[in-house]
Amino acid sequence: MEKFDVQIIETDLLILGGGMAACGAAVEAAHWARKKGLKVTLVDKAAIDRSGAVAMGLSAINQYVGLKDGKNTIKDYVDYVRNDLMGVTREDLVANIARHVDSSVHLFEKWGLPIWKDEKGNYVHEGRWQLMLNGESYKVIVAEAAKNALSQDGVGQIFERIFIVGPLMDGDRCAGAVGFSVRENKVFVFKAKATLDAMGGAVHVFKPRSSGEGFGRAWYPPWNAGSSAYFTLKAGAEMTCQEVRFIPIRFKDAYGPVGAWFLLFKSRATNAMNEEYMVTRRPELENWLPYGRVKPIPANLRNYLGMLDVADGKGPIFMRTDEAIGKIADTFKDDPKAYKKKMKDLENEAWEDFLDMTISQAILWAGSNVQPEEKSSEIAAAEPYFIGSHSGASGAWVSGPSDLQTDETRSKYFWGYANMSTVKGLFCAGDASGASSHKFSSGSHAEGRIAAKAAVKFIVDNNTMPAVEQSVIDATVAEILKPMETFEQHKNATTDEEVNPHYIKPRMFMFRLQKIMDEYAGGVSSQFKTNKAQLEQALNLLAFLREDSENLGASNLHELMRAWENIHRMWQAEAHVRTVLFREETRWPGYYFRADTPKMDEEKWHVFANCRFDPATKDWQMMARPIYHVFPQAKEHELLGG
Ligand code: SFD
Ligand code: AMP
């Protein structure tokens, strides 16, 4: 095998990832680190200008509370999030993000992000919490600010195209991370006093709907492969809401988001019989009380009503873009000139919505002669994703802020530093932290800032470099490179390097993982349904897959990255299956349905389902954690209502 250099980098704060949370963290960390004479290092597997979920841009900022306008309060946002997640949310975490998110949005605007304004100069809202923007360059703008902050006074450095594999530990304290370059034969050992995990969510754990040439197409980015969850699990951190996957309803095949259509254009969705499932299926909501009566109706219940139609053979479901545009334009019908202009504006807005964040959807429209003002488009439930920042909730169990705790929560939700996981010195933000849904791009940035500030405080309080023995580093480097070693050793055993009795290539490994998850853990082809026997079979098959992961083979650096991405996905999968099995109820129909426990059980399961992998014993522990309100003054009926 070719030789690899091992480079050791020492820093104070290590930021893993270069996405929304990491860029927020970089800006905030630079500020505090400069004051304290500390060094910050950011490491991304890609180039931060276009890395992560916002790579293509976005056409909306989905979390803006608007505290300055006085119309919304932090409690309003917390109520919205809790209701949308069927009662399961950490109010202290959501409130902490909600009170800081507006300042991130104002910074974006200051840095040059064009947010839509009305004639009075106010932001144009898509819905109550969402703002419209011309956001093709959103990520470039946010990354530029992060780069500027880290480059000033030499406070920080950025490593791009370094794939982080896993944590380095000093006993129960995180001591940094290990990764490798995806361009040259170099392994990097980053030693740090505090580490912030912000490596996004997980895509392609489940078999996607896309196949063949379209395979890489997914709603969330395929390059977010579960590294955040793997990192915290391997460090021994407690995880939460691993069962709360997110299934978005999206424009079929190119995955264009629906928010602007439902909220801004006020479009209806109807089935093949021209029925509106949100109307005809409304009585079903009574089976999911109290959440079936909140407004807006929780995302998973909205999904579920549409899924019931599809299961009854009433698909396809259509987004009635033609009708919605027609209705808005009709308000101008008495003035032909104004009508023509309005139609043109609406047409522009419809296309730009996708050109800003899901270019493939615009290409699909163009390629299939769709003019949205003339023709409806199909929408469908996508495959499941793990994304703690959107309408899912999976991630690490982290400490809340000190000042938002009640007597009841202080000992349960707080352990010294905001956003620190249960492992000392390991912080999480964005998709990496759980039970704090609906942070989206802006809230992830704000949470990155919160976590970075707390991490700097941790460093000041614990200003020693953790110790890692050379033998541990040597073993970790060997483990990382093993797939290349395996390939080199056995590549001549067959004439086709893709098929070999001694190794499994990452792509085939991924197909096997996806088949297990799809068929046994409630993927698209099992109509998002599962049960105890199926989940247990999934665990059996995952155990074999784990054994075979020892024999992954990689012919080059790119495949080495693919090998590790799929190991990361496999760990995310196992945490998910174990937690779905643990929670003996169905709470989020529309995300998954446990056919053997088909009802919600508020009495027993109004709790967080948490898990932890013990690195010493290699055992998984499952535990329920209580849900408390941090706004106890609100009575239960006031908490619903939205
Ligand atoms: O319409 C490693 N999101 C939306 N948010 C909004 O505010 N408005 C929208 O309009 C949104 N919509 C949307 C969204 C996402 C996507 C893909 C589409 C549409 C098509 C959600 C947000 O984008 C999301 O909430 C945040 O970006 C989450 O932030 P963060 O920081 O948790 O994740 P990231 O930005 O993806 O960054 C991850 C980073 O980690 C790197 N990385 N680095 C080193 N080693 C490894 N092993 C790594 N693995 C990953 C990545 O390169 C990246 O830098 S809509 O649908 O609702
Ligand atoms: P999406 O494009 O589906 O990611 O949605 C963008 C934002 O709009 C998110 O905050 C969603 O929760 C919200 N949203 C989407 N559709 C609806 C709907 N029908 N009712 C209420 N909120 C919605």
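Since the model is a prediction, treat every value here as computed from it, not as a measurement.

### What to know about the site of ligand 2
Step number 1: Taken together, 14 residues surround ligand 2, and among them Gln130, Arg250, Gly259, Leu263 and His390 come closest.
Step number 2: A distance of 3.0 Å separates an oxygen atom of ligand 2 from a polar side-chain atom of His390.
Step number 3: It is helix α6 (residues 259–264) that contributes the most residues to the shell around ligand 2, three residues altogether.
Step number 4: Partitioning the shell around ligand 2 into residue classes produces seven nonpolar, five polar and two charged.
Step number 5: Counting contributing residues per domain, the shell around ligand 2 is built from domain 1 (5–246 + 388–461) and domain 2 (249–381), each supplying no fewer than three.

### Re the site of ligand 1
Step number 1: Surrounding ligand 1, one finds 36 residues, the nearest of these being Asp44, Ala53, Ala60, Ser389 and Ser441.
Step number 2: A distance of 3.4 Å separates an oxygen atom of ligand 1 from a polar atom in the backbone of Phe440.
Step number 3: In isolation ligand 1 has 1100 Å² of accessible area, and contact with the protein removes 98% of it.
Step number 4: Listing elements by their share of the shell around ligand 1, those giving two or more residues are α1 (20–36), β3 (60–61), β6 (162–170) and α13 (440–461).
Step number 5: A breakdown of the residues in the shell around ligand 1 according to their chemical character gives 18 nonpolar, 14 polar and four charged.
Step number 6: Looking at the shell around ligand 1, you find at least three residues from each of domain 1 (5–246 + 388–461) and domain 2 (249–381).

### Observations concerning the sheet that holds strand β18 (residues 607–613)
Step number 1: Spatially, β14-β9-β18-β19 is the arrangement adopted by the four strands of the open sheet, whose pairing is antiparallel. Each of the sheet's edge strands pairs with one partner strand only, and the pair in question is β14 (395–396) and β19 (620–626).
Step number 2: In the sheet, strand β9 (residues 239–240) pairs with β14 via two bridges, with the strands oriented antiparallel. Following the sheet pairing, Met239 is matched in β14 by Ala396.

### What to know about the packing of helix α3 (residues 91–110) against α13
Step number 1: Orientation of α3 relative to α13, taken along the N-to-C sense of each, is 105°, at an axis distance of 8 Å. Between α3 and α13, the crossing angle belongs to the class labelled roughly perpendicular. Contacts between α3 and α13 involve Asn96, Ile97, His100, Val101, Ser103, Ser104, Val105, Leu107 and Phe108 on the former and, on the latter, Ser442, Gly443, His445, Ala446, Glu447, Arg449 and Ile450.
Step number 2: Taken together, the residues of the contact of α3 with α13 sort by class into seven nonpolar, seven polar and two charged.

### Some thoughts on the pattern of salt bridges
Step number 1: Here the structure, examined in full by the defined rule, presents 46 salt bridges.
Step number 2: When the shortest N-O distance is used, the salt bridge between Lys45 and Glu565 registers 2.7 Å. Taken together, the residues span a long stretch of sequence, with Lys45 in the loop between β2 (40–43) and β3 and Glu565 in helix α17 (residues 557–582) at a distance of 520 residues. The burial state of Lys45 is the same as that of Glu565; both residues are buried.
Step number 3: The salt bridge partner of Lys505 is Glu498, with a shortest N-O separation of 3.1 Å.
Step number 4: Residue classification places Lys505 among the buried positions, given a relative accessible area of 1%.
Step number 5: Salt bridges linked by common partners bring Glu243, Arg583, Glu585, Arg587 and Glu602 together as one network.

### Observations concerning the nonpolar core
Step number 1: Formed by 118 residues in total, the largest nonpolar core has its most connected members in Phe180, Trp261, Ile379, Tyr385 and Trp564.
Step number 2: In terms of residue count, the dominant contributor to this core is α17 (13 residues).
Step number 3: Within the second largest apolar cluster, 54 residues are counted, among which are Leu42, Val54, Leu133 and Ala143.

About the cut-offs
- Residues numbered from 1 in each chain as written.
- Chains lettered and ligands numbered in written order.
- Predicted model: local features only at pLDDT ≥ 70, side-chain atom pairs only at ≥ 80, totals over all residues.
- Heavy atoms only, no water.
- Near = heavy atom within 4 Å.
- Polar contact = N/O pair within 3.5 Å; in protein donor to acceptor, adjacent residues only side chain to side chain.
- Helix = DSSP H or I, 4+ residues; strand = E, 2+ residues; numbered from the N terminus.
- Nonpolar A, V, L, I, M, F, W, Y, C, P; charged D, E, K, R; others polar.
- Domains from an automatic or database assignment.
- Areas by Shrake-Rupley, 256 points an atom, 1.4 Å probe, with all protein chains shown as cover.
- Pairing = 2+ DSSP bridges.
- Axes fitted to C-alpha atoms, helices over the stretch in contact; angles between N-to-C directions.
- Parallel < 35°, antiparallel > 145°, perpendicular 65-115°, else oblique.
- Contact = heavy atoms within 4.5 Å.
- Salt bridge = Lys/Arg side-chain N within 4 Å of Asp/Glu carboxyl O.
- Buried < 20%, exposed > 50% of the residue type's maximum accessible area, 1.4 Å probe, protein only.
- Core = buried A, V, L, I, M, F, W, Y, C linked by side-chain atoms within 4.5 Å.

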